[in-house]
Amino acid sequence: MSPMSVSRNDQIPETALEWLHAGRGAALATVLDTWGSAPRPVGSQLAISGKGEIEGSVSGGCVEGAVVSEALEALQDGRPRILEFGVADEDAFAVGLACGGRIKVLVEPVGDSPGLTSADLASLVDARRSKEAVAMLVNIENWERKIVSGGAVAEKSAVGDRIRADSSGFADEWFVGIHNPPLRLIVVGAVHIAQVLLPMARLAGYDAVLIDPREAFGSESRFPGERISHTWPDEAISEERPDSRTAVVTLTHDPKIDDPAIRAALRSDAFYLGCLGSTRTHAKRLERLRTVGVSEPDLSRLHAPIGADIGARSPAEIAIAIMAEITERLRKGDARA
């Protein structure tokens, strides 16, 4: 994974391990549960160094201040702890809750048992680096911990269900923290929109790759630091092996480039396939694809004209619309159904 592939906010365990190796000490705070309104979902994490540095978040405001104080104490006494914050609507803003509610946070110093051991944290980071689906389990009654690979859990099990749903939470007395590989975005076409879309996707937590066989378009100077493939799109997409956590976007308007990419993406489990072009352009695209045998159910998977209908005009606005539609498809299913 390149340094620019995903946002640092999605590298919380990695940051904690860096601080630990640098001799600064580290603790991890994890959202265990929420009630009412909470700005961060269960499983969200905050890393705290022994010097009070932080990365990530467990809420939207001053809960972080209290969590940091507890984390620094935990680094001194070596004991994990569970914190709970509950506020009324009128006081919610002061502690970062949008309109009241409660939030429960686990704070774990990295070191010796009963805290999170450095070996466990390193194992978690190794699994994440290999892009392996993994769950970190913590028994909140006796502080026992174990790391479970997604490939090792039973198909019908509470942990397996949570890994597939990408949903951290409790299974009896065990808290199951899910660490799935990053979402991925495959962008076909090194056009102006892509120059905005790639960093925008990365900020949203996607590991992005740009595909364009035209080296003058997909150059390092136009896309500094991005991962770029100059292989022909159908081959490149096959090599990327898009799965159910992958979105694919085609942007060139050129049938020689976009059509092979679309056909390759339709053979995958990609959860989103969006294609740039007007209604008229898309109608011609559908006819071309029908001619080469693409089925109507497959054609119905295409989102075109691409992006949420927000009146976007500039490349940046179109990129926002694309990410909005991808997010809607990911979180709410197909809005067209």
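The structure presented is a predicted model; accordingly, all values stated were derived computationally and were not measured. Residue numbering note: each chain is counted from 1, following its sequence as written. In keeping with the predicted nature of the model, local features appear solely for residues at pLDDT of at least 70, side-chain atom pairs appear and are counted solely at 80 or more, and the whole-chain, interface and lining totals rest on all residues. With hydrogens and water set aside, each side-chain value is computed from the structure's full complement of heavy atoms.

Draft legend 1. Broad picture of the packing of helix α1 (residues 12–21) against helix α3 (residues 118–129). At a minimum axis distance of 9 Å, the contact between α1 and α3 shows a crossing angle of 135°. Considered as vectors, α1 and α3 are oriented oblique to each other. You can see that α1 and α3 cross each other, and the crossing is left-handed. Contacts between α1 and α3 involve Ile12, Pro13, Glu14, Ala16, Leu17 and Leu20 on the former and, on the latter, Ser118, Leu121, Ala122, Leu124, Val125 and Arg128. Per-class residue counts for the contact of α1 with α3 are nine nonpolar, one polar and two charged. Whenever a helix is involved, its axis is fitted only over the stretch in contact; in every case the axis is a line through C-alpha atoms, and angles between N-to-C directions fall within 0 to 180 degrees. Starting at the N terminus, helices and strands are each numbered in turn, a helix being any DSSP run of H or I of at least four residues and a strand any DSSP run of E of at least two. The cut-offs work like this: below 35 degrees is roughly parallel, past 145 is roughly antiparallel, 65 to 115 is roughly perpendicular, and the gaps in between are oblique. Handedness of a helix crossing follows the sense of rotation of the near helix relative to the far helix, less than a right angle counterclockwise being left-handed and clockwise being right-handed. The contact criterion used is simple: two residues touch if any of their non-hydrogen atoms lie within 4.5 Å. Gly counts as polar in this scheme, as do all residues outside two lists: the nonpolar Ala, Val, Leu, Ile, Met, Phe, Trp, Tyr, Cys and Pro, and the charged Asp, Glu, Lys and Arg.

Draft legend 2. A look at the sheet that holds strand β16 (residues 302–303). On the basis of which strands lie adjacent, the open sheet formed by six strands has the order β13-β12-β11-β14-β15-β16 and parallel pairing. Sheet topology places β13 (228–229) and β16 at the edges, where each strand pairs with a single neighbour. The rule for pairing is simple: two strands pair if DSSP sees at least two bridges between them.

Draft legend 3. Representation of the pattern of salt bridges. Here, a salt bridge means any side-chain nitrogen of Lys or Arg that lies within 4 Å of a carboxyl oxygen of Asp or Glu. Evaluated as defined, the whole model comprises 20 salt bridges. Of the charged contacts, one joins glutamate 14 and arginine 128 as a salt bridge, the two residues approaching to 2.8 Å between their closest N and O atoms. Placement of the pair is glutamate 14 in helix α1 and arginine 128 in helix α3, with a sequence separation of 114 residues. For glutamate 14, a relative accessible area of 12% puts it in the buried group. Note on exposure labels: buried denotes an accessible area under 20% of the residue type's maximum, exposed denotes more than 50%, and partly exposed covers the range between, all computed with a 1.4 Å probe on protein chains only.

Draft legend 4. Region of the structure containing the side chain of arginine 245. As for its placement among the helices and strands, arginine 245 is situated in the loop between α6 (233–240) and β14 (246–250). What makes arginine 245 buried here is its relative accessible area of 19%. In protein, a polar contact requires one atom able to donate a hydrogen and another able to accept it; more generally it is a pair of N or O atoms within 3.5 Å, and residues adjacent in sequence count only if both atoms are side-chain atoms. There is a polar contact of 3.1 Å between the side chain of arginine 245 and the side chain of aspartate 166. If we ignore the near neighbours within four places in the chain, the residues touching arginine 245 are Asp166, Asn180, Pro181, Pro182, Leu183, Arg184 and Phe271.

Draft legend 5. Looking closely at the pairing of strand β2 (residues 45–49). When you tally the buried positions in β2, you get five out of five residues, the bulk of the element. Across the two faces of β2 the burial is the same, with Gln45, Ala47 and Ser49 and Leu46 and Ile48 all buried. In this structure, strand β1 (residues 26–36) lies alongside β2, joined through five bridges in antiparallel fashion. Each residue of the ladder has a partner; that of alanine 29, found in β2, is leucine 46. Two elements, β2 and strand β3 (residues 54–56), share three bridges in a ladder whose sense is antiparallel. Looking at β3, one finds that leucine 46 is bridged to glycine 56. Taking the residues that link successive antiparallel strands as the turn, the β2-β3 hairpin has four residues, and the phi of glycine 52 there is positive, at about 85°.

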